[in-house]
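An overview of the molecular structure
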Amino acid sequence: MKPAPFVHHAPRTLEEAVAVLGDVGHDGKVLAGGQSLIPLLSMRLASPAHLVDVNGVAGLDTVEVADTHVRVGALVRHAGLERHEGAAAALPLLRQAVRNVAHPAIRTRGTTVGSIAHADPSGEMPAVTVLTDGVVEAAGPRGRREIAAADFFTGPLETTLAEDELVVAVRFGRLPAGTRTGFVESARRSGDYALAGVALAVGLDGEVVTSARASFVSVTPVPDVLDLGPALAGRSARDLPLDDVVELVRSHVDPESDIHAPADYRRMLAAELTRRVLTTTTTPTEGAA
Amino acid sequence: MTTRQVGEPVQRREDPRLLTGNGRYLDDLGLGALQAAFVRSPHAHARIVDIDIDDAWELDGVEAVYTWEDLDGRVGEPLPVLIPHPALTHPRTGYCLAKSEVNHVGEAVVMVVARDRYVAEDACGRIQVTYETLKPVVGLENARAAERLVHDDAPGNVAANLLQEVGDVDTAMAAAPNTLTLELEIERSACMPMEGKGVYARWDADDASLRLYSSTQTSTGVRAAVAAKLEMPLAKVEVVTPDVGGGFGVKIMHPWPEEVLVPWAARRLGRDVKWTEDRREHFVSSAHERGQLQEVTVGFDDDGRLLALDVRFWHDNGAYTPYGIIVPIITATQLLGPYKPGAYRVEFWSLYTNTVLVTPYRGAGRPQGCYAMERTMDAIAAHLGLDRTEVRSRNFIQPDEMPYDHGLMFQDGRPLKYDSGDFPASLAKLKDLVGWDDFAAYREQAAREGRKVGLGIGCYVEGTGVGPYEGGHVQVETNGRVNVATGLTTQGQGHQTVLAQIVADQLGVRLEDVHVTTGDTRRMAYAVGTFASRGAVMSGNAVALAAKVVRDKALRIAADALEVSPDDLEITDGVISVKGAPGTSIDLKTIAVMSNPLRYAFDTAAQAATQFSGAFDPDKPPVADDDEPGLEGQDFYSPTQATFANGMHAAVVETDPVTAEIRILRYCVIHDCGVMVNPMIVEGQVHGGVAQGVGGALYERMVYDEGGQLLNASFMDFLVPYASEVPHVETDHLETPSPLNPLGLKGAGEAGTIPVTAVIASAVEDAEGFPIRSMPISPAELWELRRQHSSVPAALEGAS
């Protein structure tokens, strides 16, 4: 469990990082928190010839709260985002979700942007990215560009990011006033990859639902949004058609069987978790955006 | 007066060092040593056609590449069958490096020695092994069907078949008013110590001697095995165990191939060589345990009393049997727990499969036996509509029936004879602790809240402290330091504390003056090892006996010096004084000086001693014919048989009505290991044992596919419970001393693990209302069982 040989690059500026990636990106990997990459290297499941270690690059470690979004830099650790009061106030879903990312030790090293770029369908933050209509800011030899979340994820561990591009930041869109959010997942052990998880955003006007959207963890090949608006809009929070929601989720998700649970169990779990988080999110005490 | 140490919850003396990162584990040693890595078989069953190592040699830093062809002398012969048994008619062992056939994924085929582990692994990646694959035998069903064989010359895949019978089972069964048959299954798991195995060899060419460090549970065993394999004099081999990060059984198996190959390579290369097992290697090339299929037929009267018990089980021993059939023998005998079975017949088949070999893991066959017996007890209770504790109670061996001889042969070849225990008292305590009689009301309350809860119970008896012996050596230095050595090894249990407590009491010295060394063949050449919950029983009694030798000698010398009778002396805090005359005293360290006639006065202790040396008799030698210099002594403890500890556990679980997630709400333990040397350490052993038991009950399994690939060979997918999955453990203790040893001790190391699978199965069954016959159980499996039993309430079914 030792990595194959690689060249370690340690750029100090974004420009240097982009230049190095331009040279070696075809046979290189970006190293940020390393919580997914290093085990892959150690088990020799991946053996890139170059590692572009961006941990020394200046200016990538900030969380910025703006009127329309929360912008998270590429070197912000999960733990940093989790503890960021401004981000939690502007978009409570960030803290609700990031708390479910693995264990404290992993959150201390792992980066939120890194987990989004890694695009694991069992990642929590990709699901949040799509639910908030997030925008991925990328930099590469051809300059900078912005990629809408819906256009970013293309498959398990696959994105539209070019091999010589680096994700600089992700902007999570703030939700309209009156929106409540919730996040829940279920894993075999606390902190494991979830068997199923759901992020939910519900618009409420008093007790009346105006909008409802959900995205999922571990049960869809790419994170995408299920619009529950047609089923729920106009309904009272006291009288939600939960069985309809359950059916919508069951037909939306497409889980795979693995050694921890078969697909039909995960489908049931995704639907049940949605039912539960919808119920708790629409009760009066949950956080409002 | 010194506080008596035995019985006190003394803080663990090893913890400040271990918890502050100052432990010294195998991989902390030998920083300059060459490092080994292995090419391991990717196939479960294959013939080796060709091995091409040429590319590996081209790498800078590669020092050696070895295949079986290179292994000379006895190193190239099959590994030993450590514990033969007449019933083990077809024992098979592998080679240090596979000769012509591989029988499980992970079997070592090529050894690379290189400048460091990185280069060694790079080189492994360049070695091409051509295999002719054979169809593997995976799983007990396939092994039993025997359509394919693991070893061509082991028909039926049977390594061993053993039948024991007490009484006439057929007649008793035929006469029984009620009979039930249960088919049961229990999955594989494994010890999974945080530190894997590791070996570091230092070859001294001038001295032609070897010092070997191994992360083992038996340094003396490894020493003898390596000396035999390398054809070296025992006197030229010393084995030292550094700190060991857990064993739980897998490190009592020996010699592991690497324990032979690493010193062999060191001698051959004339260089220090080290190998540190990584986690993936540990999964596929160490050992697993637990996997069994069981068939229990029981006959009982209308009160639930057992009349006949007929058990057949099939034990998966993996690809080889180097450790013999200890595990199924223990299942067969310890299955009986605290009960009188009526007529008893047990027959097992130990079967080969193309999987990692099976050797004892904490509990060592007992969890399976306990599971079979306790599932049976619950089934009887359900059949007769009786309370589950009532059925158990009616079958208990009573305290006045002790010692109780089951008429069977135990794992050590000696009679299965319980020495003591008070099972009715244990059950009463357990019912009280868990609130057994109030549970019905709790269940009704929970049901009103839409919650499903269940209560489970499991009882066990554990033979602990098996022989043949352990030794203790105690030495008092002239500065008052007391050195204690015992040969068995330590993996974190707290031996440095408990053995010091015992010696402090026996010798009359302060705890902080006592320093314990374990597992170092330089200090104690005769020892067995740490397994079978035997550390405290065996080495505890051994160091007590050795301390008495030293005490007697100290009192004899002091009595001469003070001109009193030894009977009038006592030792407190390292000072020998005349009872009732505290002014007349002499330090124990001064006696240490006096005990050695070579007495250069290089320190104040020696100067003081000279004042007491008095006139000597010129006609006598300085050391008498029947004496030895020095204040030290050695003795060995060797019991006639094992001593039997026992315990009873109960758990309250909640199962989610929709998702079938299983949560342990309460976990209660009544534990009786005789006299407790250190109740805090016993408590810790119970907690740790329960944690591993919870792993086996709800989380851990070895997921082999039909091709024999282990699909979950990492800590990401093999689900060792985290602290968040382990319940708070509520404990209460009985102390029924063992009459078999001077200190009254019984073992405690494995106890916590044994009944947990049985207890959780019982509790889930109680919550769900249908039988649980296969463990471990996951939420998805419980959910599927509900579908089969159509027990999901209609409203919830519709909702999901």
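Quick caveat: nothing in here was measured; it's all calculated off a predicted structure.

What counts and what doesn't
- Residues numbered from 1 in each chain as written.
- Chains lettered and ligands numbered in written order.
- Predicted model: local features only at pLDDT ≥ 70, side-chain atom pairs only at ≥ 80, totals over all residues.
- Contact = placed C-beta atoms within 7 Å.
- Helix = DSSP H or I, 4+ residues; strand = E, 2+ residues; numbered from the N terminus.
- Nonpolar A, V, L, I, M, F, W, Y, C, P; charged D, E, K, R; others polar.
- Domains from an automatic or database assignment.
- Axes fitted to C-alpha atoms, helices over the stretch in contact; angles between N-to-C directions.
- Parallel < 35°, antiparallel > 145°, perpendicular 65-115°, else oblique.
- Left-handed = near helix turned anticlockwise from the far one by under 90°.

On to the interface of chain B and chain A, then. At the junction of the two partners, chain B supplies 25 residues and chain A supplies 21 residues. Looking at the side of chain B that touches chain A, the elements that each hand over two or more residues are helix 3 (117–126), helix 8 (279–285), helix 20 (779–789) and helix 21 (794–799) of chain B. When residues in the side of chain B that touches chain A are grouped by element, the largest group, 4 residues, is from helix 3 of chain B. Its residues placed into classes, the side of chain B that touches chain A shows 11 nonpolar, 5 polar and 9 charged.

Looking now at the domain arrangement of chain B. Residues and elements named next belong to chain B. Domain annotation for chain B reports domain 1 (32–134 + 197–244 + 251–285), domain 2 (366–466 + 640–799) and domain 3 (468–637). Spacing between the C-alpha centres of domain 1 and domain 3 amounts to 41 Å. If you look at the interface, domain 1 gives 13 residues, while domain 3 gives 15 residues. Secondary structure elements with two or more residues in the side of domain 1 that touches domain 3: helix 6 (219–229) and strand 11 (237–240). By residue class, the composition of the side of domain 1 that touches domain 3 is 4 nonpolar, 7 polar and 2 charged.

On to the packing of helix 6 of chain B against helix 7 (residues 257–269) of chain B, then. Residues and elements named next belong to chain B. Viewed as axis vectors pointing N to C, helix 6 and helix 7 meet at an angle of 55°, and their least axial separation amounts to 10 Å. When the axis of helix 6 is compared with that of helix 7, the two are oblique. In this structure, the crossing between helix 6 and helix 7 has a hand that is right-handed. In this structure, helix 6 uses Val222, Val226 and Lys229 to contact helix 7, whose residues at the interface are Glu259, Val260 and Pro263. Here the contact of helix 6 with helix 7 is built from residues that sort into 4 nonpolar, no polar and 2 charged.

Between B:Gly467 and B:Pro468 the backbone carries a cis peptide bond, its omega angle lying at 0°. One can find B:Pro468 in the loop between strand 18 (452–464) and strand 19 (470–476). Look at the link from B:Met775 to B:Pro776: it is a cis peptide, with omega at 0°. Turning to its location among the elements, B:Pro776 is positioned in the loop between strand 29 (774–775) and helix 20. Phi is positive for A:Ala102, which is not a glycine, with a value near 45°. Mapped onto the fold, A:Ala102 is located in the loop between helix 5 (92–98) and helix 6 (104–109). Here B:Glu563, not a glycine, exhibits a phi torsion of approximately 55°, which is positive. Here B:Glu563 is to be found in the loop between helix 15 (535–562) and strand 22 (569–572).

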